Structures are given as structure tokens and as C-alpha cells.
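Chain residues, written in single-letter form:
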Amino acid sequence: GFDLTAGKMPHSMGVSNLFSPANRFNNIDASSPMHPVEMGVWSTRADIFVGDDTLALVVIPWQDRVGAPPSSSRWLGSSGSSDFPSIDTSALGVPANATVEFKDEFRAMRPRNYGYLAHYKGARHGFDFFGAVHNGPSIYPILRRDASSNARFIVVTPPAFTVAGGLSATSGALGYYGEAAAQITHQGRDQDFVKYVLGVSYRETELAEAVGLEEI
């Protein structure tokens, strides 16, 4: 069987406890950068059930605007852009007395600009796993100089291909996990990279009970 859903929804994945390099397909409201809120994205999703596993096929048709600190916020840094708060404008060839402007450019709503995501997750005795592929907007924006001004820049999100996967396992009170995500930007418009995490967790119950807790 399968479920078909359309609307604003989160697409969460990953097995890491603290930081997940693969969980990058949701918008973040960073109006208060110390307390970011993960938002869903407008999309259409089909969940296909393969035994106890699930294959999710997702189409994300447009790029949402997300919350950012106001122009008066110190979190914008010296640049005045939440995407590039600490950029060295002098390295871009901008005159020292010029006022630098940043303008967001959102991807046009065309099928070639959509985000396409396939996410497979499953569980076996003692371990969970997932794999994902995505083609669509990069996780990081880049700058393009505006042809009309030496001190005006366009913030662009280039298209990229991403592949990710992860595995978590348990052995008694110990847990082990690892995951990675690799991104290759189309036409070399940004650097390619791999982000990964490896971790171990330990669940303590005997000492916890002695001090009045359920677990540590």
C-alpha cells in the first residue's frame, strides 16, 4: 500500500543523536538564531510501504522564504546578510566607502527547478538504516555580482545533487551510529563536499535509579 500527502510538511531523516548531516530538507526559521525552529516545506509526498520498510518519493515545487533576523539585529553581522554574516567585502573588490547590498533571488517555479527526493528507511533486528538521493536546491547559497553595480550582489541557491545514508545499531546499553551526506553542485558553481558523523551513546539505568532518575 501507499500514502499520498500534499501540503506543508517536514521531511526528516537521519540516525545521529546530536547532529544529522542528512537531515537538510526542511526550512529553518532563524528569526531568533539561538532558538531556530525547523519548518516543513510545501511538497507532494508518496510513502510506499515495502514490507516493514518505507520508500518516500517527494516533489518540492518551489523555494520558500524563511524567517531571518530583522535588519537591526546584531546577528546579521557586518555584511547585513543573514546568509553571509561575516563576509569580507573587500575581498570581493568592493570600494571601502561603498554600501554593500544583498538581494535574494528565488528559483522560478519550473519542473527543472523543483526539488526531487527519494528516501528509503528500514529496520532489522538490532539496527536501523536509511538512504536518500536528492536533486534540487543546494543547502548553501552563493553570491553573484549584479551587473548594474559593483557593490550589489545577488544571493542565489544553485542546483545540486545529494546522496546520503546512515546506520544505527544497539548492543545492550550501547548504541552506535554513523551517517554521511555528499553534495555535488551542478556546473561546478560551488564546492563539492562530504559531511559525516560517527557516534556512540550509552544508556545508564542502575546508577540513575540510585539517584532517583529513570535513566542517564
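Cut-offs applied
Residues numbered from 1 in each chain as written. Predicted model: local features only at pLDDT ≥ 70, side-chain atom pairs only at ≥ 80, totals over all residues. Heavy atoms only, no water. Helix = DSSP H or I, 4+ residues; strand = E, 2+ residues; numbered from the N terminus. Buried < 20%, exposed > 50% of the residue type's maximum accessible area, 1.4 Å probe, protein only. Contact = heavy atoms within 4.5 Å. Areas by Shrake-Rupley, 256 points an atom, 1.4 Å probe, with all protein chains shown as cover. Lys, Arg positive; Asp, Glu negative; His and termini not counted. Charge placed at Lys NZ, Arg CZ, Asp CG, Glu CD. Core = buried A, V, L, I, M, F, W, Y, C linked by side-chain atoms within 4.5 Å. Pairing = 2+ DSSP bridges. Polar contact = N/O pair within 3.5 Å; in protein donor to acceptor, adjacent residues only side chain to side chain. Axes fitted to C-alpha atoms, helices over the stretch in contact; angles between N-to-C directions.

**Observations regarding the overall build of the chain**
Phase 1 of the analysis: For the chain, the count of helices and strands is 1 helix and 13 strands.
Phase 2 of the analysis: Expressed along its principal axes, the backbone C-alpha trace of the chain runs to roughly 65 × 45 × 30 Å.
Phase 3 of the analysis: When burial is assessed residue by residue, the chain has 33% of its 216 residues classed as buried.
Phase 4 of the analysis: Residue pairs at least 24 apart in sequence account for 55% of intrachain contacts in the chain once pairs closer than 6 positions are excluded.
Phase 5 of the analysis: For the chain, the exposed area adds up to about 13,200 Å²; of that, 56% sits on carbon and sulfur atoms.
Phase 6 of the analysis: Both charge centroids of the chain, one from 17 positive and one from 22 negative side chains, sit 13 Å from each other.

**Some words on the nonpolar core**
Phase 1 of the analysis: Formed by 13 residues in total, the largest nonpolar core has its most connected members in M13, A22, L117, F130 and A164.
Phase 2 of the analysis: Within the residue set of this core, elements represented by two or more residues are β5 (53–60), β8 (127–137) and β12 (174–185).
Phase 3 of the analysis: Not counting the four nearest positions on each side in its chain, L117 is found in contact with H11, M13, F25, A56, L57, V58, A132, V133 and H134.

**Let's talk about the pairing of β8**
Phase 1 of the analysis: Pairing between strand β7 (residues 115–124) and β8: 9 bridges, direction antiparallel. For G122, the partnering residue across the bridge sits in β8 and is F129.
Phase 2 of the analysis: Turn length for the β7-β8 hairpin, with the two strands adjacent in sequence and antiparallel, is 2 residues, and the turn residue G126 shows positive phi of about 95°.

**Comments concerning the side chain of S43**
Phase 1 of the analysis: Mapping S43 onto the fold places it in strand β4 (residues 41–50).
Phase 2 of the analysis: Given the relative accessible area of 5%, S43 is considered buried.
Phase 3 of the analysis: Within the structure, S43 has its side chain in polar contact with the backbone oxygen of V41 (distance 3.2 Å).
Phase 4 of the analysis: In this structure S43 touches T5, A6, G7, M9, H11, V58, V59, I60 and P61, once residues within four positions along its chain are discounted.

**A few points about the sheet that holds strand β9 (residues 142–145)**
Phase 1 of the analysis: Overall, mixed pairing links the 3 strands, which are arranged β6-β10-β9 in an open sheet. For this open sheet the edge positions go to β6 (101–104) and β9, each flanked by a neighbour on one side alone. Averaged over neighbouring strand pairs, the angle between their axes works out to 35° when direction is ignored.
Phase 2 of the analysis: As paired elements, β9 and strand β10 (residues 152–156) share 4 bridges and run antiparallel to each other. Bridge pairing links R145 to F153 in β10.

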